[in-house]
Amino acid sequence: MIFIKKTNILQLLMLILVLSSCNQKKRTNNLESNIPKDTMPHMEPPTQKLPKLSAQYIKSKRNAIEHFYNKNWSHNCMNGSFLVAQNGQIIFEKYEGMANFRDKRPITATTPLHLASVSKVLTASAILKLIDAKKIGLDQKVNTILPRFPFPEVTVKMLLNHRSGMRNYAYFTDKKDGVWDRHNILTNKDIVELMATKNVGLEARTNTRFAYCNTNYAVLALIIEKVTGLSYKKAMERMIFKPLGMNHTFVFDYDQDKDSIVPSYKGNKVEIGKDYLDKIYGDKNIYSTPRDLLKFDLARNNPNFLSPKLLKLVYTPFSQERKGEKNYGLGIRMINWETGQNFYFHNGWWHGNTSAYITLLKEHVTIIALSNKFTTRTYQVKKIAPLFGDYPFKLSKEEKEE
């Protein structure tokens, strides 16, 4: 009888523990469900499954790309990083030269290089996510977001497609104009304040013509900060870099990073120092690697990137004043041939850094070239496009062979 009573007591205790554990788990789940989720718009890794390339296909393309590489950067002269991928699979990549010639530190797959104006594609992507989430409007006047902004007709869209008519900050802060002392480091906020107080007028009447201008993207970076309540650096981390696992990508912080980042060089390997414009971000000042940019490109070309209507506008040409093939969308350059074929890309150049980002949408091809020793050969990577589709760039007979 005593044994039975003890057994019943043990069973009762076990039952109490199980019920207590269930209730605790339920309370924990309730608490977790009550925690507010991050509502910050952000890019997401791709969900689209693309076909796997055959080993034979990869080999044939790799041979052709390697031939192009050896011809374009003969005698191992690239000093940078280069990647070609299709369907998210890397077909060819090369990392060559020195990140720093002083300490003989080589460039590797994890060496972040300055993207120069390719940074604009990433800035535009953050703005587009904010537009898609209705945090701001594409046609919203900039001065309703940034009260000190002095040009009342300029919209967010006009900043994205370079139709604002603003002057380039690198020109109106030049010494001869007398609006800025170049011994002082210029900031994004300084640009807006100078335009508002120093009679820095427009270069052209707003929305009358396309004029590529870095000022547009410096202002877009301020909009990102105002809308998110974060610094541009933190906002880009939260909206793009961290969600996509871009672990070797960052926004250059002049005060913290100026002595540690990969320097740039002239063609003769003479280092190019910093100047008063090196603190400006949005139009430049993102450092990254080809593999990280591949992650970005795959996410950008995934169906969940933007709503279909807004995505269509991204690749719409907005410079139609004069008939021609070259054009600009919302944060992306393009060539529109009469055949109906379109080529989307963005190049960059800052100090000795040159960069090229190419995305072949129909063929799901990504081409990235980055260099920190000045060369215009970086831009020649567009000639690889005919290996994958009907793009009328000139290739030699050898380069066409597979």
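Residues numbered from 1 in each chain as written. Predicted model: local features only at pLDDT ≥ 70, side-chain atom pairs only at ≥ 80, totals over all residues. Heavy atoms only, no water.

**Student:** Is there a simple way to explain the packing of aromatic side chains in this structure?
**Tutor:** The description of an aromatic ring pair rests on the distance of the ring centres and on the angle between the ring planes. If you walk through the whole model with that rule in mind, you get 23 aromatic pairs. On the basis of an interplanar angle of 25° and a centroid distance of 5.7 Å, the ring pair of Tyr 69 and Phe 82 is categorised as stacked. Taken together, the residues Tyr 69 in helix 2 (residues 55-72) and Phe 82 in strand 1 (residues 80-86) connect sequence positions 13 residues apart. Residue class for Tyr 69 comes out buried when judged on its relative accessible area of 1%. (Phe/Tyr/Trp six-rings, centres within 6.5 Å; stacked < 30°, edge-to-face > 60°. Helix = DSSP H or I, 4+ residues; strand = E, 2+ residues; numbered from the N terminus. Buried < 20%, exposed > 50% of the residue type's maximum accessible area, 1.4 Å probe, protein only.)

**Student:** I tried to follow the pairing of strand 2 (residues 89-96) on my own but got confused; where do I start?
**Tutor:** Two faces make up the sheet, and in a regular strand the side chains alternate between them. As paired elements, strand 1 and strand 2 share seven bridges and run antiparallel to each other. Within the sheet, the bridge partner assigned to Ser 81 lies in strand 2 and is Tyr 95. Linkage of strand 1 to strand 2, two consecutive antiparallel strands, is achieved through a turn of two residues, within which Asn 87 is found at a positive phi near 55°. (Pairing = 2+ DSSP bridges.)

**Student:** Quick question: what am I supposed to make of the packing of helix 3 (residues 119-132) against helix 8 (residues 232-241) here?
**Tutor:** Pairs of packed helices are described in terms of their axes, by the angle between the two and the distance that separates them. It is the contact of helix 3 with helix 8, at a shortest axis distance of 10 Å, that shows an interaxial angle of 75°. Viewed along their axes, helix 3 and helix 8 adopt a mutual orientation that is roughly perpendicular. Contacts from Leu 122, Thr 123, Ser 125, Ala 126, Lys 129 and Leu 130 of helix 3 reach helix 8 at Tyr 232, Met 236, Met 239, Ile 240 and Phe 241. (Axes fitted to C-alpha atoms, helices over the stretch in contact; angles between N-to-C directions. Parallel < 35°, antiparallel > 145°, perpendicular 65-115°, else oblique. Contact = heavy atoms within 4.5 Å.)

**Student:** Help me understand the sheet that holds strand 1, please; the structure alone is not making it clear to me.
**Tutor:** The strands that make up a sheet pair up through hydrogen bonds in the backbone, lying either parallel or antiparallel. With respect to topology, seven strands assemble into an open sheet ordered 2-1-14-13-12-11-10, the strand pairing being antiparallel. Single-partner strands in this sheet number two, and they are strand 2 and strand 10 (326-328). The sheet shows a mean angle of 15° between the axes of neighbouring strands, direction not considered. The pairing of strand 1 with strand 14 (residues 365-371) spans seven bridges and is antiparallel. From the neighbouring strand, Gly 80 faces strand 14, where its bridge partner is Ser 371. Against the sheet, helix 2 contacts strand 1 and strand 2, and its axis sits at roughly 30° relative to strand 2.

**Student:** Please explain the environment of Met 236 as it appears in this structure.
**Tutor:** Topologically, Met 236 is positioned in helix 8. Note on Met 236: relative accessible area 0%, which makes it buried. Leave out the neighbours within four places in its chain, and Met 236 touches Leu 122, Thr 123, Ala 126, Ile 224, Phe 241, Val 251 and Ile 286.

**Student:** How do you make sense of the side chain of Gln 341 when you look at a structure like this?
**Tutor:** Tracing the backbone shows Gln 341 in the loop between strand 11 (333-336) and strand 12 (342-350). Beyond its immediate sequence surroundings of up to four residues, Gln 341 is in contact with Ile 335, Asn 336, Lys 362, Asp 390 and Tyr 391.

**Student:** Please explain the nonpolar core as it appears in this structure.
**Tutor:** Buried together is how nonpolar side chains tend to be arranged in soluble globular proteins. One finds Leu 160, Met 195, Val 219, Ile 223, Met 236 and Ile 240 to be the most contacted residues of the largest nonpolar core, which totals 80 residues. Leave out the neighbours within four places in its chain, and Ile 240 touches Met 43, Leu 122, Ser 125, Ala 126, Met 246 and Phe 296. Judged by nonpolar contacts, the second largest core, of 29 residues, contains Ile 335, Trp 337, Ala 369 and Ile 384. (Core = buried A, V, L, I, M, F, W, Y, C linked by side-chain atoms within 4.5 Å.)

**Student:** How should I be thinking about helix 3 in this particular structure?
**Tutor:** For an α-helix, 3.6 residues make a turn, and residues three or four places apart therefore share a direction. Taking 1.5 Å per residue, 14 residues should reach 20 Å; helix 3 reaches 20 Å between its end C-alpha atoms and fits that length. Of the residues flanking the end of helix 3, it is Lys 134, one or two places downstream, whose phi is positive at about 65°. (Expected span 1.5 Å × (residues − 1).)

**Student:** Please clarify how the confidence of the model for the chain should be interpreted in this entry.
**Tutor:** Detailed conclusions should not be drawn from predicted coordinates in areas where pLDDT is low. When pLDDT is averaged across the chain, the result is 90; 89% of the residues are at 70 or more. Under a pLDDT of 50 for its full length, residues 1-7 has, in the predicted model, zero contacts with residues more than four places off or in other chains. Under a pLDDT of 50 for its full length, residues 398-402 has, in the predicted model, twelve contacts with residues more than four places off or in other chains. (pLDDT = per-residue confidence, 0-100.)

**Student:** Is there a simple way to explain the pairing of strand 1 in this structure?
**Tutor:** Within strand 1, seven of the seven residues are buried, which leaves it mostly tucked inside the rest of the structure. Burial along strand 1 is two-sided: the residues Gly 80, Phe 82, Val 84 and Gln 86 and Ser 81, Leu 83 and Ala 85 are all buried.

**Student:** Just to check I follow, could you spell out the packing of helix 7 (residues 214-228) against helix 8 for this structure?
**Tutor:** Relative orientation of the contacting elements helix 7 and helix 8 amounts to 75°, with a least axis distance of 9 Å. On the basis of the axis angle, helix 7 is roughly perpendicular to helix 8. Seen from helix 7, the contacting residues are Ala 221, Ile 224, Glu 225 and Thr 228; seen from helix 8, they are Tyr 232, Ala 235, Met 236 and Met 239. Taken together, the residues of the contact of helix 7 with helix 8 sort by class into six nonpolar, one polar and one charged. (Nonpolar A, V, L, I, M, F, W, Y, C, P; charged D, E, K, R; others polar.)

**Student:** Help me understand the sheet that holds strand 6 (residues 250-251) in this model?
**Tutor:** Across the sheet, which stays open at both edges, the three strands sit in the order 5-9-6 with antiparallel pairing between neighbours. Of all the strands in the sheet, the pair left with one neighbour each is strand 5 (113-114) and strand 6. The pairing of strand 5 with strand 9 (residues 286-288) spans two bridges and is antiparallel. The residue bridging His 114 from the neighbouring strand is Tyr 287, located in strand 9.

**Student:** Looking at this model, I keep getting lost on unusual backbone geometry. Mind explaining?
**Tutor:** At Lys 104, a position not held by glycine, the phi torsion is positive, near 55°. Along the chain, the position of Lys 104 falls in the loop between strand 3 (98-100) and strand 4 (105-106).

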